[in-house]
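# Architecture and fold: a report
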Amino acid sequence: MKFSTAALLLTAATASATTFDANVHDKDHYEVKFVDWMNEHDVKLSGTEFSARLKIFADAEDHINAHNAAKKSWTMAHNKFSHLTKSEFREAAGLGINIPENVASKTGMNPLRLPTPRAQLRGSSSTASSVDWVDSGAVTGVKDQGSCGSCWSFSTTGAIEGAYQRKTGELVSFSEQNLVSCDTYDSACNGGLMDYAFQWIQENDGLCREDDYPYVSGAGSVPSCDTSCDKVEGSAVTQWTDVDATDEAMMEALSVGPVSIAIEADEETFQYYSSGVLTASCGTNLDHGVLAVGYGTMDGTDYYRVKNSWGSTWGSDGYIYLERGVSQTGGQCGMLSAASYPTL
């Protein structure tokens, strides 16, 4: 992604004026770590930009270490976002787009109640103590959306992949680019909603394979729709089920298969999340589509396992564990607010 030269100059000037007096260690300590981080993530910086990014990295280093020293239920670590300010992180991760509001403004329809056949899952208490669709072979490897706000397409394909594997026994990686370039109900790199993507797939006889229509929009560009690839037989959506915003309904839905969900992911808890069950305070302004793939209990804390689309170097090999059973309306980070899954 590109950064504002003016912003970098201001950051560098601020860093120069204050040096590293407010940090735990001296500049040399962070510089060694930062150069190692640059090599690990293949980041090339020089001059003013290096100085600005070093200061951001140093502040992140102190924050991460302080958090981990507190011995909470979850840890932080450096990742590919460690040299970014909060606003830059939002841009680089394709966040900042309120999913329901964005889709409603485009279509003029209520974003969570679509005028097409679907079911409603209200939940029951007769569920297993744990479910994990990754272990069950219904989840493809972690993907990376880049700086395109196409999270909704990755959440959608994840749900389709799970439903197709349960239907056929074959795990197929489906094409996000097929949705980003061709789905007229959603807004490509400017956000979307998984229910609308399910509707588009229903009306267009399924999706193409990832291999036949690879993802190329990581930098934010969206090529025209390519209609030459063949849709996978049996991948068309027959209906989708909206899940009530309760833990009971979510657990019952996850007993069926992976579930598309929307969350708020623009806080530093997400920027540096590494492992464990996230129990931190988290908002409900839905700006990111992800995939719930199971639930269980870790070290006495109930969780949902969630697959992200920021690559496998982020989080716990590309996943995050969100606390289950929180009192907040909409669940942890709002994950219960807009959940659904397709039937093929």
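Quick notes on the rules
Residues numbered from 1 in each chain as written. Predicted model: local features only at pLDDT ≥ 70, side-chain atom pairs only at ≥ 80, totals over all residues. Heavy atoms only, no water. UniProt positions renumbered as here; feature names shortened; annotations may be inferred. Axes fitted to C-alpha atoms, helices over the stretch in contact; angles between N-to-C directions. Helix = DSSP H or I, 4+ residues; strand = E, 2+ residues; numbered from the N terminus. Parallel < 35°, antiparallel > 145°, perpendicular 65-115°, else oblique. Contact = heavy atoms within 4.5 Å. Nonpolar A, V, L, I, M, F, W, Y, C, P; charged D, E, K, R; others polar. Buried < 20%, exposed > 50% of the residue type's maximum accessible area, 1.4 Å probe, protein only. Polar contact = N/O pair within 3.5 Å; in protein donor to acceptor, adjacent residues only side chain to side chain. Disulfide = S-S within 2.5 Å. Salt bridge = Lys/Arg side-chain N within 4 Å of Asp/Glu carboxyl O.

Its UniProt record, at the heading Sequence similarities (unreviewed entry), says of the chain: "Belongs to the peptidase C1 family."

All right, on to the packing of helix H2 (residues 27-40) against helix H3 (residues 47-69) then. A pair of packed helices is characterised by two quantities: the angle between their axes and the separation of those axes. Closest axis-to-axis distance for the H2/H3 pair is 9 Å, and the angle between their directions is 100°. Judged on the interaxial angle alone, H3 and H2 are roughly perpendicular. In this structure, H2 contributes Lys 27, His 29, Tyr 30, Glu 31, Lys 33, Phe 34, Val 35, Trp 37 and Met 38 to the contact, and H3 contributes Phe 50, Arg 53, Leu 54, Phe 57, Ala 58, Glu 61 and Asp 62. For the contact of H2 with H3, the residue count by class is nine nonpolar, one polar and six charged.

A word on the side chain of Ser 181. Mapped onto the fold, Ser 181 is located in helix H7 (residues 176-182). We classify Ser 181 as buried; its relative accessible area is 15%. At 2.9 Å, the side chain of Ser 181 forms a polar contact with the side chain of Gln 177. If near-sequence neighbours (up to four positions away) are discounted, Ser 181 is found in contact with Tyr 213, Val 222, Pro 223, Ser 224 and Cys 225.

This part takes up helix H8 (residues 194-203). Owing to its 3.6 residues per turn, the α-helix brings residues three or four apart onto one side. Summarising burial for H8: eight of the ten residues are buried, a large majority. Listing the buried residues of H8 in full gives Met 194, Asp 195, Tyr 196, Ala 197, Phe 198, Gln 199, Trp 200 and Ile 201. Once H8 ends, the next one or two residues include Asp 205, with phi positive near 65°.

Once that is clear, we can look at the state of the cysteines. Scanning the entire structure with this criterion turns up four disulfides. Covalently, Cys 182 is tied to Cys 225 through a disulfide, its sulfur atoms 2.0 Å apart. Torsion about the S-S bond of the Cys 182 and Cys 225 cystine: about 95°, corresponding to right-handed handedness. Of this pair, Cys 182 sits in helix H7 while Cys 225 sits in the loop between H8 and strand E4 (239-243), and the two are 43 residues apart along the sequence. Numbered by position along the chain, the disulfide-linked cysteines of the chain connect as 1-3, 2-5, 4-6, 7-8. No disulfide involves Cys 151; its sulfur sits 8.7 Å from that of Cys 148, the nearest cysteine.

All right, on to the pattern of salt bridges then. In this structure the tally under the stated criterion is 13 salt bridges. Across the salt bridge formed by Asp 132 and Arg 305, the nearest N and O atoms sit 2.9 Å from each other. Remark: Arg 305 occurs in strand E8 (residues 301-307) and Asp 132 occurs in strand E3 (residues 131-132); sequence separation between them is 173 residues. The pair formed by Asp 132 and Arg 305 is uniform in burial state, with each residue classed as buried. A salt bridge links Asp 302 to Arg 324, with the nearest nitrogen and oxygen atoms 3.6 Å apart. Placement of the pair is Asp 302 in strand E8 and Arg 324 in the loop between strand E9 (319-323) and strand E10 (339-343), with a sequence separation of 22 residues. Taking relative accessible area as the criterion, Asp 302 reaches 31% and is therefore assigned partly exposed. The class for Arg 324 is buried, based on a relative accessible area of 12%. If you follow the salt bridges from partner to partner, you end up with Lys 143, Glu 161, Glu 176 and Glu 210 in one network.

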